[in-house]
Amino acid sequence: MTPQELAGHIKAALQSAISSGQLALSSEDIPTEIVVERPKNLDHGDWATNVAMQVGKKAGLNPRAAAEILQVILQELPGVEAVEIAGPGFINIRLSAASQGEVARDIIAKGKNFGRGVQLAGKKINVEFISANPTGPLHLGHTRWAAVGDAIARVLEAEGAESAREFYINDLGVQMDKFGASVKAAALGEPIPEDGYHGAYIPELAAQVVSQNPAIVDLAEPQRSEAFRDAAYALQLADQKRVLDNFNTHFDVWYSEKSLHTSGAVDRGFEKLKSQGHMFVEEGATWLRTSDFDDDKDRVLIKADGALTYFASDTAYYVDKRNRGYDLCIYLLGADHHGYVNRLRAVAACAGDNPDENIQILIGQMVKMLKNGEEVRLSKRAGNIITLEDLVDEVGVDAARYSLIRYPVDSPLVLDLDLLVSNTNDNPVYYVQYAHARIASVVRNAAELGLIPADTSNWDPATFDPSQLTDDREGALLGLLADYPRVVASAAELREPHRIARYIEEVATSYHSFYAACRVLPQGDEAVTELNIARLWLCAATRQVIFNGLELLGVSAPDRM
RNA sequence: GCCCGCGUAGCUCAGUGGAUAGAGCGUCUGCCUCCGGAGCAGAAGGUCGAAGGUUCGAUUCCUUUCGCGGGCACCA
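Residues numbered from 1 in each chain as written. Chains lettered and ligands numbered in written order. Predicted model: local features only at pLDDT ≥ 70, side-chain atom pairs only at ≥ 80, totals over all residues. Heavy atoms only, no water.

Q: Lay out the pattern of salt bridges in plain terms, naming residues and giving numbers.
A: Going through the model one piece at a time under the given rule, you end up with 24 salt bridges. For arginine 324, the salt bridge identified is with glutamate 166, shortest N-O distance 2.8 Å. Note that arginine 324 is positioned in the loop between helix 11 (310-323) and strand 11 (328-334) and glutamate 166 in strand 6 (residues 162-169), a separation of 158 residues in sequence. By relative accessible area, arginine 324 is classed as partly exposed at 26%. Of the charged contacts in the structure, one is a salt bridge between arginine 535 and glutamate 474, with a shortest N-O distance of 2.5 Å. On the criterion of sequence distance, the pair formed by arginine 535 in helix 21 (residues 530-553) and glutamate 474 in helix 18 (residues 472-482) is long-range, its members being 61 residues apart. Overall, the relative accessible area of 10% leaves arginine 535 in the buried class. Relative accessible area serves as the criterion here: at 0%, glutamate 474 is assigned to the buried category. (Salt bridge = Lys/Arg side-chain N within 4 Å of Asp/Glu carboxyl O. Helix = DSSP H or I, 4+ residues; strand = E, 2+ residues; numbered from the N terminus. Buried < 20%, exposed > 50% of the residue type's maximum accessible area, 1.4 Å probe, protein only.)

Written out as structure tokens, the structure is:
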């Protein structure tokens, strides 16, 4: 029996207690979501629910009395071994081994689809993240969003959403000109402007630009400056794409800010806002009255000199995303952009949308780095940067992604590079991957011994007898595996993929504990028993859940390490 | 000044109103003649920053306060 099924039974038990007059409640008093969770202390049982405490007061009973009424009904369910009432009114439910073990059969049958849900079925969601200036390499700060943003998209898809990963290219404005001027200066052997970019990559870019087009240096101004800017931009953007592809983060849409202006999207955005009546002119400038919707003050769209603000691009971009059919636009921004939250939500409201439904802004805190025990200050212009590519070169894609995803984004992250570089075995990703490889090895050995086919899709469900799995550690592991769909659902709902990482670490711990205590394969010339086979099913189910979880994080699940 | 986030074990951090607050690292004690020891079993280590409030119950929600980080534009 799965916790989802159990929740259904509990709801039915409530209904039957109501219709028999034992509980003085109406059907509306039944909580819409019955909470069935694993007790912290497994001595309490396999599953626990707090419904008696929720409904007790409404029914005019103390929670324990309400629990006793439900206890009588739940005890009769097939597969339920014991129902106990504890503490203030918890109902603790213990399943029979046979019932508990069914989840392993279910996992093998569903394979990669185990844990997927339909919570977000039919939703089109745009997930925008990184959105760096194409004026230099992606640094470690961007790397957190690259890993987390991609994982969020994966988790949303696991719940049935159609998601698009989108990168907004800030290819307009003075920083592009400074970037171009820096590359040009390097190519001509001139000093780089004071307010330009001073990284070591600038001379390298300059050399590439010139080798692609040697005639560029002889162009007349201002064509030469523009040519340098455009060529360097193209190279830098291609480099960012290459690095992100290597990082296992693949964007579906690369959206150019410049194209917003050339395609007429800005005008369409203004039309939309004007039609909703939130634009006005004052002191020669055109404004959006975002203060109608929780923003501190109104924002300028068109400056008195006629130039468009960056905010104008933002509004047009949002309207454009909605025009492209996305029900929800998620923005993943750094903490230095938190002031944008209210104004972006106000943009959605000004466009006639519901800010609680159509837009969501996730603020991620900064990544700090320690090296030699001291914080590394980042400065792209000074060239003092640690890039995404550097990090991957040092620790690998899996360790980099995993260590960035396993923390919630709303707390600042301190990465100790020395630890990550010098002592990678301490990284939890290896612990999880090791569990996966270890199981793969056990199953491989079993297949070589002829116990069972190598490929689980050829396993015969009739050979699996879950009632064999009576050890406490087997029960603990099975219960944890059964909890996986709920973990995926909450990770999707809360946009918190780190929950997946923490969960599979628990699974790995639980497996290692089981493995140390429960022999899976027969030793020497022992006969093969149903227990051996049942434990192999448990192994394979565990491997599948770890595999599925790692896939949601974009981390590989090796069969050998 | 105003806004956002954080404050949990020596360190780095989990914990979407529940039971005795958890993990890794570090420290200490055990476990490889047999399925992968990148592992397992155990010990020590906490006024959950502080004070009020809400309720059957608060690390979690609300208010105040202290500390740390980040942000305020007709810049991009």
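Q: An account of the pairing of strand 11 is requested, with residue identities and associated values reported.
A: For strand 11, the buried fraction is high: seven of the seven residues fall into the buried class. Side chains Leu328, Ile330, Leu332 and Gly334 project from strand 11 onto one buried face, and the interleaved Cys329, Tyr331 and Leu333 project onto a second face that is buried too. Pairing of strand 5 (residues 124-128) with strand 11 involves four bridges; the strand directions are parallel. Directly across from asparagine 126, in strand 11, lies its bridge partner cysteine 329. Bridge analysis of strand 11 against strand 12 (residues 359-364) gives six bridges, and the strand direction is parallel. For leucine 333, the partnering residue across the bridge sits in strand 12 and is isoleucine 363. (Pairing = 2+ DSSP bridges.)

Q: Go over the protein's contact with RNA strand B with me, naming the residues and quoting the values.
A: As a matter of local geometry, RNA strand B sits amid 62 residues, with Phe90, His338, Tyr340, Arg438 and Gln523 nearest to it. Put simply, 57% of the atoms of RNA strand B that lie within 4 Å of the protein are in sugar or phosphate. Within the backbone of glutamate 283, one N or O atom sits 3.3 Å away from a base nitrogen of RNA strand B. Take tyrosine 434: an N or O atom from its side chain is 2.7 Å from a sugar or linking oxygen of RNA strand B. Taken together, the elements giving at least two residues each to the surface near RNA strand B come down to strand 4 (90-95), helix 6 (174-188), strand 9 (285-288), strand 10 (299-302), helix 12 (340-350), helix 17 (428-448), helix 19 (484-494) and helix 20 (498-517). The class makeup of the residues in the surface near RNA strand B is 29 nonpolar, 17 polar and 16 charged. (Near = heavy atom within 4 Å. Polar contact = N/O pair within 3.5 Å; in protein donor to acceptor, adjacent residues only side chain to side chain. Nonpolar A, V, L, I, M, F, W, Y, C, P; charged D, E, K, R; others polar.)

Q: Any chance you could break down the side chain of arginine 165 for me, citing the residues and the numbers?
A: Among the secondary structure elements, arginine 165 is positioned in strand 6. Side chain to side chain, arginine 165 and glutamate 157 meet in a polar contact 3.2 Å long. Excluding its chain neighbours within four sequence positions, the residues that come into contact with arginine 165 are Val127, Phe129, Asp150, Ala153, Arg154, Glu157, His250, Phe251, Asp252 and Val253. (Contact = heavy atoms within 4.5 Å.)

Q: Kindly report on the packing of helix 4 (residues 97-110) against helix 18, identifying the contributing residues and their values.
A: Between helix 4 and helix 18, the shortest axis-to-axis distance is 9 Å and the interhelical angle comes to 55°. Considering the angle they form, helix 4 stands oblique to helix 18. With respect to the hand of their crossing, helix 4 and helix 18 are arranged in left-handed fashion. Touching Gln100, Gly101, Val103, Ala104 and Ile107 of helix 4 are Gly475, Leu478, Gly479, Leu481 and Ala482, all from helix 18. A breakdown of the residues in the contact of helix 4 with helix 18 according to their chemical character gives six nonpolar, four polar and no charged. (Axes fitted to C-alpha atoms, helices over the stretch in contact; angles between N-to-C directions. Parallel < 35°, antiparallel > 145°, perpendicular 65-115°, else oblique. Left-handed = near helix turned anticlockwise from the far one by under 90°.)

Q: Give me the lowdown on helix 4, citing residues and values where you can.
A: When the terminal C-alpha atoms of helix 4 are compared, their 21 Å separation across 14 residues agrees well with the 20 Å that a helix rising 1.5 Å per residue should span. Listing the buried residues of helix 4 in full gives Ala97, Ser99, Gln100, Gly101, Val103, Ala104, Ile107 and Ile108. Residues of helix 4 that are buried sit in contact with strand 2 (47-49), strand 4, helix 18 and helix 21. Directly after helix 4, the chain includes glycine 111, whose backbone phi takes a positive value near 60°. (Expected span 1.5 Å × (residues − 1).)

Q: Just give me the short version of the packing of aromatic side chains, but keep the residues and values in it.
A: Evaluated as defined, the whole model comprises 14 aromatic pairs. Both rings, one in phenylalanine 179 and one in tyrosine 197, keep their centres 6.1 Å apart while their planes meet at 90°; by these two values the pair is edge-to-face. Remark: tyrosine 197 occurs in the loop between helix 6 and helix 7 (201-212) and phenylalanine 179 occurs in helix 6; sequence separation between them is 18 residues. Assigned by exposure class, phenylalanine 179 and tyrosine 197 land together as buried. Where phenylalanine 280 meets tryptophan 287, the ring centres are 6.1 Å apart and the plane angle is 15°; that geometry is what we call stacked. What makes phenylalanine 280 buried here is its relative accessible area of 13%. Taken together, the ring pairs connect Phe129, Phe167, Phe251 and Trp254 into an aromatic cluster. The side chain of lysine 241 reaches across the aromatic face of tryptophan 254, ending 5.0 Å from its centre. The residue whose ring lies beneath arginine 343 is tyrosine 340, and the NZ or CZ to ring-centre distance is 4.5 Å. (Phe/Tyr/Trp six-rings, centres within 6.5 Å; stacked < 30°, edge-to-face > 60°. Lys NZ or Arg CZ within 6 Å of the ring centre and 35° of its normal.)

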